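As a plain string of letters, each chain reads:
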Amino acid sequence: MANRLVIVLLLGLFTLEEGSVALTFSSKLVHRFSDEAKERWMSRGGDVSLVDSWPEKNSVEYLELLLSNDLKRNRIHVESQTQLLFPSEGSQTLFFGNQFYWLHYTWIDIGTPNVSFLVALDAGSNLLWVPCQCIQCAPMSSTYYPLLDRELSEYDPSLSRSSKNLSCSHQLCKSRANCKTLNDPCPYIAEYSTEDTSSSGYLVEDILHLASVSKHASKSSVQASVVFGCGRKQSGTYLDGAAPDGLMGLGPGDNSVPSLLAKAGLIKNSFSICFDDNTSGRILFGDQGLASQQSTPFLPIGEKYDAYFVGVESYCVGSSCLQQSGFQALVDSGASFTYLPTDIYNNVVMEFDKHVSAKRVTLQGNSWKYCYNASSKELLNVPSMRLIFSTNQSFITHNHIYTFPDDQGFTTFCLTVMSMDGDYGVIGQNFMIGHHMVFDRANLKLGWSNSNCEDLSNKTNVHIRPPPDGGSTAPLPTTQQQSTSNTRAVAPAVAKTAPSKSSAASLLQFRSLLISLISSLLLCNLMGLLQSSD
């Protein structure tokens, strides 16, 4: 019997809870530049000169060659990803400071022909709505908003060839109790956490225009059918100008834009937003972030993931991590600032005040209670803040103070963390600034990494695939239920949940298939050895 190199797989089976089966495999690993690899290469008649050129172990050349191979593998991984989509006018988000309630916005195009809307970005709610056939809306004229360079728009379903009303008989309509007949348009009312803030009207279906950037081409257009609100009447801060041209809910609900795009198969079930401290940022649908990013799991509300809740294990001010400072928090880009439960807030501000040497001042007409007059030197010594999540994942905040212009040699700054009633907090936009925030709904986790939030709209070297079918319209997934409720979620009562029965069943099916495959391979190898020995 001739000499052969035989690879043996050791298959181990053992029983876990509820009768599940786990598999373990073992085989010997050989480093690509080891002496054993060289011997095997030579024994197979490999080129001697190639072996002689291998770098010396732990030399600079050795490490650089390993790094080069890692970079090649990373490029292969990135290029194999599903496409990333963004609004057709660009991935850029816009920030106008106090004029638009400190929120970030992006331009989107809807309808045929397309009409542009400047919508606020809100990860704390689900529904996309725009002003439409207005009874009570905020002013549309750019004369009311000096920072805008164009007029705001009002949606008119009769002017879009692709617009369709959702009737009360439609399976996506969940407000039939408010309908007089099943042929009526399906009504909606979206209520928000800010007092008396709401949008109401009826639901329509139309085309949302998106774009994708590929490695070898400029923008490619993608059209997706989405359900959104024809907002005939707004109230509260929306009527005052917080979202004069509409709002895009990015929550985990079935009727949010990320959910509809994922169900249509256009993107992976994930999106990212990134806010910088100047005037822009970016949003990308389908982005699951970097392999090196930190992450923490989302928490269910009861048994459902109806909002982006995370568990903060401790709150740190400077080098001090406060005891018993854990809380659950809603990650909400629709909140301008960060809010803490009252008891946590009191401990945090006391610790912050203790570390600040500047003089504390009271500013008239300012909701922030901890403000200071500081010299340049004192300003440099403002204590940092960070949140500690599970498995010691650290989220360092870059924007927990707001600085006012210099006044007689002093700079006034305020701590932009506030208290709120209840037993949960809100991580708002000010804490997200300077981070690439990834809402990975497929894997139920929040990811983050430091970023300058570069806009990708004009890049042509992004390693992502072009859209399917050259930008064909993606149908609305009508088999999925739609919820029109956008009421802000309450704190989750359950921090952890067991794996679902369906996921456990899928795992067992995979293991069974794997066992059959390995058994077949081993049997084939054994038969081959027996035949050759004859």
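If you're wondering where the values come from, they're calculated on a predicted model, not measured in any experiment.

## Some thoughts on the overall build of the chain
- Helix and strand counts for the chain stand at nine helices and 32 strands.
- Counting across all 534 residues of the chain, residues that qualify as buried make up 48%.
- Put simply, 67% of the contacts in the chain that link residues at least 6 apart link residues at least 24 apart.
- Accessible surface, the chain: about 27,600 Å² in total, of which carbon and sulfur atoms supply 51%.

## A look at the UniProt feature "active site" (unreviewed entry) in the chain
- Using the residue numbers shown here, the UniProt feature "active site" (unreviewed entry) corresponds to Asp122 and Asp332. A maximum C-alpha distance of 6.6 Å places the annotated residues, which cover 211 residues in sequence, within one compact spot.
- Note on placement: Asp122 falls in strand E6 (residues 115-122).
- For Asp122, a relative accessible area of 1% corresponds to the buried category.

## Focus: the pattern of salt bridges
- Following the criterion strictly, the structure yields four salt bridges and no others.
- When the shortest N-O distance is used, the salt bridge between Lys263 and Asp254 registers 2.7 Å.

## Structural notes on the nonpolar core
- Among the nonpolar cores identified, the biggest contains 71 residues, and Phe285, Tyr315, Phe352 and Phe439 are the most heavily contacted of them.
- One finds Tyr105, Cys173, Ala190 and Ala243 within the second-largest nonpolar core, a separate group that totals 28 residues.

## Observations concerning unusual backbone geometry
- Along the chain, Thr112 connects to Pro113 via a cis peptide bond; the corresponding omega equals 0°.
- With respect to the secondary-structure elements, Pro113 resides in the loop between strand E5 (104-110) and E6.
- One non-glycine residue, Gln133, lies in the positive phi region at around 45°.
- Locating Gln133 in the fold gives a position in strand E7 (residues 128-136).
- With phi around 50°, Thr391 is a residue other than glycine that occupies positive phi space.

## What to know about the packing of aromatic side chains
- Under the criterion given, the structure shown has 21 aromatic pairs.
- Judged by centre distance (6.4 Å) and plane angle (50°), the ring pair of Tyr144 and Tyr145 falls under tilted.
- What makes Tyr145 buried here is its relative accessible area of 6%.
- When the ring centre of Tyr370 is taken as origin, the NZ or CZ atom of Arg360, which lies over that ring, is 3.8 Å away.

## Considering the side chain of Ser272
- Mapped onto the fold, Ser272 is located in strand E13 (residues 270-275).
- Ser272 sits in the buried class, given a relative accessible area of 1%.
- A polar side-chain atom of Ser272 sits 2.7 Å from a polar atom in the side chain of Asp287.
- Once residues within four sequence positions are removed from consideration, Ser272 is found in contact with Arg282, Ile283, Leu284, Asp287, His436, Met437 and Val438.

## Details of the sheet that holds strand E25 (residues 394-396)
- Spatial strand order, E19-E18-E24-E25: four strands in an open sheet with antiparallel pairing. Two strands bound the open sheet, and with one partner strand each, they are strand E19 (320-321) and E25.
- In terms of strand pairing, strand E18 (residues 314-317) meets strand E24 (residues 385-388) through four bridges, oriented antiparallel. Residue pairing in the sheet places Ser314 in a bridge with Ile388 of E24.
- Taken strand by strand, helix H6 (residues 342-355) contacts E18, E19 and E24, and its axis lies near 15° from that of E18.

## Comments concerning H6
- Here H6 is 14 residues long and its end C-alpha atoms lie 20 Å apart, about the 20 Å a rise of 1.5 Å per residue gives.
- All of the buried residues along H6 are Ile344, Tyr345, Val348, Val349, Glu351 and Phe352. Buried residues along H6 cover an arc of 160° about the axis, so they all sit on one side. Turned more than 90 degrees away from the buried face of H6 sit Asp343, Met350 and Lys354, all of them exposed.

## What about the state of the cysteines?
- One pass over the structure, following the stated rule, counts seven disulfides.
- A disulfide bridge connects Cys134 with Cys137, and the sulfur atoms are separated by 2.0 Å. Around the S-S axis, the bridge from Cys134 to Cys137 shows a dihedral of about -95° and counts as left-handed.

## Observations regarding the environment of Tyr372
- Here Tyr372 shows up in strand E23 (residues 371-374).
- We classify Tyr372 as buried; its relative accessible area is 1%.
- Tyr372 sits 12 residues away from Arg360 along the chain, and the two C-alpha atoms are 4.2 Å apart.
- With sequence-adjacent residues up to four places away left out, Tyr372 is seen in contact with Phe352, Asp353, Val356, Ala358, Lys359, Arg360, Val361, Thr411, Thr412 and Phe413.
- Only 2.7 Å separates the side chain of Tyr372 from the side chain of Asp353, close enough to count as a polar contact.

Cut-off values and rules
- Residues numbered from 1 in each chain as written.
- Predicted model: local features only at pLDDT ≥ 70, side-chain atom pairs only at ≥ 80, totals over all residues.
- Heavy atoms only, no water.
- Helix = DSSP H or I, 4+ residues; strand = E, 2+ residues; numbered from the N terminus.
- Buried < 20%, exposed > 50% of the residue type's maximum accessible area, 1.4 Å probe, protein only.
- Contact = heavy atoms within 4.5 Å.
- Areas by Shrake-Rupley, 256 points an atom, 1.4 Å probe, with all protein chains shown as cover.
- UniProt positions renumbered as here; feature names shortened; annotations may be inferred.
- Salt bridge = Lys/Arg side-chain N within 4 Å of Asp/Glu carboxyl O.
- Core = buried A, V, L, I, M, F, W, Y, C linked by side-chain atoms within 4.5 Å.
- Phe/Tyr/Trp six-rings, centres within 6.5 Å; stacked < 30°, edge-to-face > 60°.
- Lys NZ or Arg CZ within 6 Å of the ring centre and 35° of its normal.
- Polar contact = N/O pair within 3.5 Å; in protein donor to acceptor, adjacent residues only side chain to side chain.
- Pairing = 2+ DSSP bridges.
- Axes fitted to C-alpha atoms, helices over the stretch in contact; angles between N-to-C directions.
- Expected span 1.5 Å × (residues − 1).
- Arc of directions from axis to C-beta.
- Disulfide = S-S within 2.5 Å.

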